[in-house]
Amino acid sequence: MGCGFDRGYGVDMLEIRTLSARVHLWGTVELECRVFYHDKCFDGACSASVFTRFRRECVKTADRFSYHGLVHRAGALFDERDFLDVSHGDENAIVDFKYSASPNVTWWFDHHLSAFLTPEDQKDFERGQADGSQVMRKFFDPSYTSCTSFIAHVGKTKFGFDVAPLAELIKWADIVDGAKYESAKAAVEMAAPAMKLTMVIESSQDDSLVKRLIPLLTEMPLQEVLDQPFVQELLGPLMERHWAGLELIRSRASLDKGVITFDITDQPTEGYNKFIPYYLFPDGTYNVGLSKSSFRTKVAVGTNPWTPLPAEKLVNLAAICERYGGGGHARVGAVSFPPDREDEARKAAGEIAAELRERGFVS
């Protein structure tokens, strides 16, 4: 089955014919689709790549694609000036990131429990679903392990998108974003190409890196992507930094009543392997890590993917992080503070760790 909107989606066909006519008559119209994605995130990069291929193969109205990374930070997450003006046919898509009620956002896919910044944003989304105006443009389902697999599912079931060539990418997006590694050792020692790519994506300070990777991720096997010279030149130094980060966390981390805590804000880093705490403390149930990067002080909160505790005994971390202005998934979340507000971040980290010790510890 080919892609298309010719299966009862008449409004979209009208839009496509109108835009095609503009191109035919004017000759110089070139339409752009700007894809906003969760930056420094493997699933974010894969989501942008899968959306691009779906958009190119099934909608076919964009002449070019551009990419804009988004990060969770204190304050406003979106700048309206970054969105293209859609009045002439250009489009803006947000994938694997929070909802924006901007009228210039034409596509949205997310799977996070904390997808909406405000109740008003959620109401805006629900209005578009209820009246049908956005039902084929904006999609939300927190039951999906990765946004990559969610976009693939929507593309396949609603638009006839062929996802068979993307099997490897979808599989690894689910493994990485769902922390479905076979062991902490596998997660930290990173033998698989996807895991090395994840480290490069999360740790590189080159703003152009992910934008270069996105077009490749759905066109090449992951090993070929990893073998690209511009990736390989980063990999060696990042692996060295990874092992140094492990030793740094080893020197700072402690385990108390099932909660691993550490503070490395005096050693600024653009990212670290989030499974290191469980590699060092296999008996830990939760992890509360405090770190600092160029744009934020971050409280990272996680659940040990290999904990023997049943799901019903685990705490919803997204709900806790939301109280501090953050969010995430039930098993992993984060809160971002401005880089100069370490004291506030440290206070929040202490309160979250204390709550997890009280609510989550099983003697």
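**Regarding the overall build of the chain**
Broken down by element type, the chain carries 13 helices and 11 strands. A compact globule built from 363 residues should have a C-alpha radius of gyration of about 21 Å, and the chain, at 21 Å, falls within 12% of that. Structurally, the chain occupies a C-alpha span of about 70 × 45 × 40 Å along its principal axes. The burial tally for the chain puts 54% of its 363 residues in the buried class.

**Looking at the packing of helix α8 (residues 209–217) against helix α10 (residues 229–252)**
When two helices pack together, their arrangement is captured by the angle between the axes and the distance separating the axes. Between α8 and α10, whose axes approach to 11 Å, the crossing angle comes to 130°. Here α8 is positioned oblique relative to α10, judged by the angle of their axes. Both α8 and α10 take part in a crossing whose hand is left-handed. Along its contact with α8, which presents L209, R212, L213 and L216, the element α10 presents F230, V231 and L234. Of the residues assigned to the contact of α8 with α10, the class counts are six nonpolar, no polar and one charged.

**Looking at the sheet that holds strand β11 (residues 332–337)**
Taken in spatial order, the six strands line up as β6-β7-β8-β9-β11-β10 in an open sheet, and their pairing is mixed. Two strands in the sheet have a free side with no partner beyond their single neighbour: β6 (254–256) and β10 (327–328). Alignment of β10 against β11, held across two bridges, turns out to be antiparallel. Counterpart to G327 in the pairing with β11 is A334.

**Some words on the sheet that holds strand β2 (residues 64–70)**
Within the open sheet, the five strands sit side by side as β2-β1-β3-β4-β5. Their pairing is parallel. Either end of the sheet is taken by a strand with one partner, and the two such strands are β2 and β5 (138–140). Adjacent strand axes in the sheet meet at a mean angle of 15°, parallel and antiparallel pairs treated alike. Here three bridges tie strand β4 (residues 107–110) to β5, and the two strands are oriented parallel to one another. Within β5, the residue paired with W108 across the bridge is K138. Against the sheet, helix α2 (residues 42–59) makes contact with β1 (32–38), β2, β3 (91–95) and β4, and its axis sits at roughly 155° relative to β1, the strand it touches most.

**Quick word on the pairing of β4**
Judged by which residues are buried, β4 turns out to be covered on both faces: W107 and F109 on one side and W108 and D110 on the other are all buried. Here three bridges tie β3 to β4, and the two strands are oriented parallel to one another. The partner of V95 across the bridge, within β4, is F109. Taken together, β4, helix α3 (residues 119–130) and β5 form a β-α-β motif whose crossover is right-handed.

**Observations concerning the pairing of β11**
Bridging between strand β9 (residues 297–303) and β11 involves six bridges; their strand directions are antiparallel. Counted as the bridge partner of G302 is V332 from β11. Two successive antiparallel strands, β10 and β11, enclose a turn made up of three residues.

**Focus on the environment of D227**
Topologically, D227 is positioned in the loop between α9 (222–226) and α10. For D227, a relative accessible area of 41% gives the class partly exposed. The spacing of D227 and Y286 is 59 residues in sequence and 35 Å in space, taken between C-alpha atoms. Within the structure, the side chain of D227 is placed 2.9 Å from the side chain of Q223, a separation counted as a polar contact.

**Quick notes on the nonpolar core**
Note on soluble globular proteins: their nonpolar side chains tend to be buried together. F42, F51, W107, F109 and W172 are the most contacted members of the largest nonpolar core, which totals 74 residues. With sequence-adjacent residues up to four places away left out, F51 is seen in contact with C33, V35, A93, V95, W107, F109 and I151. In terms of nonpolar packing, the next biggest core, distinct from the first, is built from 20 residues, V299, V335, F337 and A348 among them.

**Things to note about α10**
Compared with the 34 Å implied by 1.5 Å per residue over 24 residues, the 35 Å span of α10 between its first and last C-alpha is a close match. Along α10, the helix axis deviates most sharply at L235, where the bend reaches about 30°; the proline P237 sits within four residues downstream. If you check which residues of α10 are buried, you get F230, V231, L235, L238, M239, H242, G245, L246, L248 and I249.

Definitions and limits used
- Residues numbered from 1 in each chain as written.
- Predicted model: local features only at pLDDT ≥ 70, side-chain atom pairs only at ≥ 80, totals over all residues.
- Heavy atoms only, no water.
- Helix = DSSP H or I, 4+ residues; strand = E, 2+ residues; numbered from the N terminus.
- Rg over C-alpha atoms; globule rule 2.2 N^0.38 Å.
- Buried < 20%, exposed > 50% of the residue type's maximum accessible area, 1.4 Å probe, protein only.
- Axes fitted to C-alpha atoms, helices over the stretch in contact; angles between N-to-C directions.
- Parallel < 35°, antiparallel > 145°, perpendicular 65-115°, else oblique.
- Left-handed = near helix turned anticlockwise from the far one by under 90°.
- Contact = heavy atoms within 4.5 Å.
- Nonpolar A, V, L, I, M, F, W, Y, C, P; charged D, E, K, R; others polar.
- Pairing = 2+ DSSP bridges.
- Right-handed = clockwise from strand over helix to strand, strands pointing away.
- Polar contact = N/O pair within 3.5 Å; in protein donor to acceptor, adjacent residues only side chain to side chain.
- Core = buried A, V, L, I, M, F, W, Y, C linked by side-chain atoms within 4.5 Å.
- Expected span 1.5 Å × (residues − 1).
- Bend = angle between axes of the 7 residues up to and from the residue.

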